[in-house]
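# Observations on chain architecture
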Amino acid sequence: MKLFSSYNRILAIITLTGLIVIGFLFYQTLGQYINKQIDDHLYEELLEVRDFTHVKNILPSPDGFDDVIVDYKKINKLSDKRKYFADTTFYNPKKKHDESARYLKTALILNRQPYEVMIMASKFERQEQIKSIILIILLPVIILLLILWLVNRILIKRMWLPFRQLLINIKAFNINQEKVFEPVQTNIEEFRELNNAVLEVSLKVKSDYKEIKLFTENASHEMMTPLAVINSKLDTMLQSNALGKEESEILADLYKATSKLTKLNQSLLLLVKIDNDQLQDKEEIDLKALIEEKISYFQELIQKRELQVETKISAFSVFANRSLIEILINNLFSNAIRHNNDGGSMMVTIKNDSLIFSNTGSRNGLHPQKIFERFYKDNASDGTGLGLAILKQVCLKQNYELSYNYNQEYHQFIINFKSSENKSQLTML
Amino acid sequence: MKFLIVEDEESLRNSINQYLTVEGNICDHASTYEQGYQKLSIYDYDCILLDLTLPDGEGLQLLKYLKKINKADGVLIISARNSLDQKIEGLSLGADDYLIKPFHLSELYARVQSIVRRRHFNGNSIFHFNEIEIDTTAKETKVNGKPVYLTRKEFELLLYFVVNKNKVISKAAAVVHIWGDDADMADSFDFIYTHIKNVRKKLTDSGCKDYFHSVYGVGYKFTDS
């Protein structure tokens, strides 16, 4: 629920309950006041009846009153002299419908005879009055509340505007891009504070990230010289005439490990380089020609694994950095060859602005997000675990959409080159 | 040939020194900027192996100095920094090649020989190894005067072995030489066996002696002894 609707809901409940309670109490008070007025009037009429009888020695005619109905009833004994006031309804013969009324019932001696006298007055007009009064008072209050609610709504919407902008800017913030977090201009203290806090955090994150990148870069560089020493010592040992079978096998393992370490280091450095946008010079690259060139470049590896390579490539070119695109294609080929079965097949397709590499391989689909994580690899893999991470990084930097799926025993890697306009998809990756 | 190794890492310097000191080559070395500066002022070398990060100065300054005093020594930069800018700067300052650490000594020697070849014979150099004749310009191979058709990679491989003759070349070194660093294939050493088998077959089919000798699965040696 939005803050505003939550706030509004509470406000609406309080206002409505308040309005109902106050209206009820108001109505009750007014009703009692009116009753008291009628009761006074009825009592006056009773006094009038008594005075009239006293003076004229006859009972006044029940028709002689304008606004009240008087009724006498002879009783045997005067037992209860108390006056009873109560509500009732009566049939108004003039208006021909029932009306609520108020009556006064009492016993008293008239003309030396005990009588039960009932005087009744209609409450209709008074009730109408109450209705009008309540309407006159309540209607403006309700209208006022409505106006307040509307003003509130508009005001709050406008006041939250910088907050919304802030949210958009936070979401747009990308650690990988040069663009820093964009602060929002606002006069509201709270938002300004939030703004500053987010700005600070984003700057800190950026500098930390930069530091980590720098550390990775330096660490990898520092490792290159010792690696060079190891390599050169291995090469020197290899020249020894005293090399037996056992020593040679050890050397072969050492070479393998050193190569892997070197490759790992180079991959980390490459990732940093891509991150830092160090590969900038762009040119028009004929993808079709490049792929054909790469197929012949990888030919020996393809032949060794007895892979069937099929291509469905239409003429297509991209405007990008050549090194990056070569890394991209190299990694796709390496991946499709390395993770294939002997005698398997692979397919390279270009259609609808997309480059698709499909290859046979393990029988199970892979995790579509995890495979692009750094150092994620299945147990059988002998690679560095960075190939696909590099692929992802290149795509991220070039705003290409990269996706993986497993379809009818084919692992598919799809790169959509034209997704550059669609930034939202990029952040999902 | 006479080389100068300017490298502050002693063990690396020694290994290079040991590897290059064959067939009458002479290696001189310097471990600091100052030493390097003095040596290249006084002597002439066929090729200078220059490390860019020295304890007391920048290797690129030595390169600038060398050009300033108009020396025609070949220069091979060896650096741990794989930065494109530095590479471009080094080459534009007159270095002949740029080799990134870590490297294999066989690769280093091949590059050095290539530099010397380019400088001394204007790149038009024909290698002879007994009955084999390799034309590095036309990229042609002949056995007993008859051309042998080799693919581009096979040619590169043969040339690599011939310039490193009598040395054991590890499979790892051969893979890097043929494939470069781009492909994530550093661990697939075994396919180099197929490659060498192909080259061997083509050569022996043309009546060439088999000079490739396998060294217990770790590498190969090209030799006629």
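Just so it is clear, the structure is predicted and the values come from calculations on it, not from any experiment. (Residues numbered from 1 in each chain as written. Chains lettered and ligands numbered in written order. Predicted model: local features only at pLDDT ≥ 70, side-chain atom pairs only at ≥ 80, totals over all residues. Heavy atoms only, no water.)

All names here are of chain A. Per the UniProt record, the feature "transmembrane region" (unreviewed entry) sits at residues 6–27 and 133–151. In the segment residues 6–27, helix accounts for 100% and strand for 0%; the C-alpha atoms at its two ends are 32 Å apart. For residues 133–151, helix accounts for 100% and strand for 0%, while the C-alpha atoms at its two ends are 28 Å apart. (UniProt positions renumbered as here; feature names shortened; annotations may be inferred. Helix = DSSP H or I, 4+ residues; strand = E, 2+ residues; numbered from the N terminus.)

Residue and element names in this part refer to chain B. An order of β12-β14-β13 is seen for the 3 strands of this open sheet, with the pairing classed as antiparallel. Since the sheet does not close on itself, it has two edges, and those belong to β12 (168–170) and β13 (212–215), each with one partner. Sheet twist, expressed as the mean angle between neighbouring strand axes with direction ignored, is 30°. (Pairing = 2+ DSSP bridges. Axes fitted to C-alpha atoms, helices over the stretch in contact; angles between N-to-C directions.)

This next bit is on helix α8 (residues 322–338) of chain A. Residues and elements named next belong to chain A. Between its first and last C-alpha, α8 extends 24 Å over 17 residues, near the 24 Å set by a 1.5 Å rise per residue. Within α8, 15 of the 17 residues are buried, which leaves the element mostly enclosed by the surrounding structure. The residue sitting at the N-terminus of α8 and contributing the capping side-chain oxygen is N321; that oxygen lies 2.9 Å from the backbone nitrogen of S323. (Expected span 1.5 Å × (residues − 1). Buried < 20%, exposed > 50% of the residue type's maximum accessible area, 1.4 Å probe, protein only. Polar contact = N/O pair within 3.5 Å; in protein donor to acceptor, adjacent residues only side chain to side chain.)

Taken together, the side chains of L135, L139, I143, I147, V151, L155 and M159 of chain A define a hydrophobic patch exposed on the protein surface, amounting to about 650 Å² of accessible area. Checked against the element boundaries, L155 of chain A lands in helix α2 (residues 124–159). (Patch = residues over 30% accessible without salt bridge, like charges linked within 9 Å, V, L, I, M, F, W, Y side chains within 5 Å. Areas by Shrake-Rupley, 256 points an atom, 1.4 Å probe, with all protein chains shown as cover. Salt bridge = Lys/Arg side-chain N within 4 Å of Asp/Glu carboxyl O.)

The next subject is the confidence of the model for chain A. With 96% of its residues at a pLDDT of 70 or more, chain A has an overall mean of 84. Within chain A, no element has a lower average pLDDT than helix α10 (residues 423–428) of chain A, which sits at 42, and none a higher one than strand β9 (residues 354–359) of chain A, at 92. (pLDDT = per-residue confidence, 0-100.)

Turning next to the domain arrangement of chain B. Residues and elements named next belong to chain B. Domain assignment breaks chain B into domain 1 (2–121) and domain 2 (126–222). Once you take the C-alpha centre of each, domain 1 and domain 2 turn out to be 26 Å apart. For the domain 1 and domain 2 pair, buried surface summed over both sides reaches about 1000 Å², with 50% attributable to carbon and sulfur atoms. Across the contact surface, domain 1 and domain 2 share 1 salt bridge. For the salt bridge of K165 with E23, the shortest nitrogen-to-oxygen distance reads 3.8 Å. Connecting domain 1 to domain 2 are 7 residue pairs in polar contact (both at pLDDT 80 or more). Breaking the side of domain 1 that touches domain 2 down by element, the ones donating at least two residues are α1 (10–20) and α5 (105–121). It is α5 that provides the largest number of residues to the side of domain 1 that touches domain 2, a total of 6 residues. (Domains from an automatic or database assignment. Buried area = accessible area lost by both parts, 1.4 Å probe.)

This part takes up unusual backbone geometry. The peptide bond linking K101 of chain B to P102 of chain B adopts the cis configuration, its omega dihedral lying at -5°. Within the secondary structure layout, P102 of chain B lies in the loop between β7 (97–100) and α5. Even without glycine at this site, D353 of chain A takes up a positive phi of about 65°. In this structure, D353 of chain A sits in the loop between β8 (345–351) and β9. For E409 of chain A, which is not glycine, the phi dihedral falls at a positive 65°. Here E409 of chain A is to be found in the loop between β10 (401–407) and β11 (410–416). E409 of chain A gets classed as partly exposed once you look at its relative accessible area, which sits at 44%.

Applying the stated rule across the entire model yields 22 aromatic pairs over all chains. Ring geometry for F333 of chain A and F357 of chain A: centres 5.0 Å apart, planes at 90°, overall edge-to-face. With F333 of chain A in helix α8 and F357 of chain A in strand β9, this residue pair connects regions lying 24 residues apart in the sequence. On the numbers, 5.1 Å between centres and 50° between planes, the contact of Y404 of chain A with F413 of chain A is tilted. Judged by relative accessible area, Y404 of chain A falls into the buried class, the value being 7%. Among the residues examined, F413 of chain A registers a relative accessible area of 3% and is labelled buried. Every member of this aromatic cluster is reached through a ring pair, and the members are Y297, F298, F333 and F357 of chain A together with W179 of chain B. In this structure, K294 of chain A packs its charged tip against the face of Y297 of chain A, placed 4.9 Å from the ring centre. The lysine or arginine in question, K167 of chain B, covers the ring of Y19 of chain B, its NZ or CZ lying 4.1 Å from the ring centre. (Phe/Tyr/Trp six-rings, centres within 6.5 Å; stacked < 30°, edge-to-face > 60°. Lys NZ or Arg CZ within 6 Å of the ring centre and 35° of its normal.)

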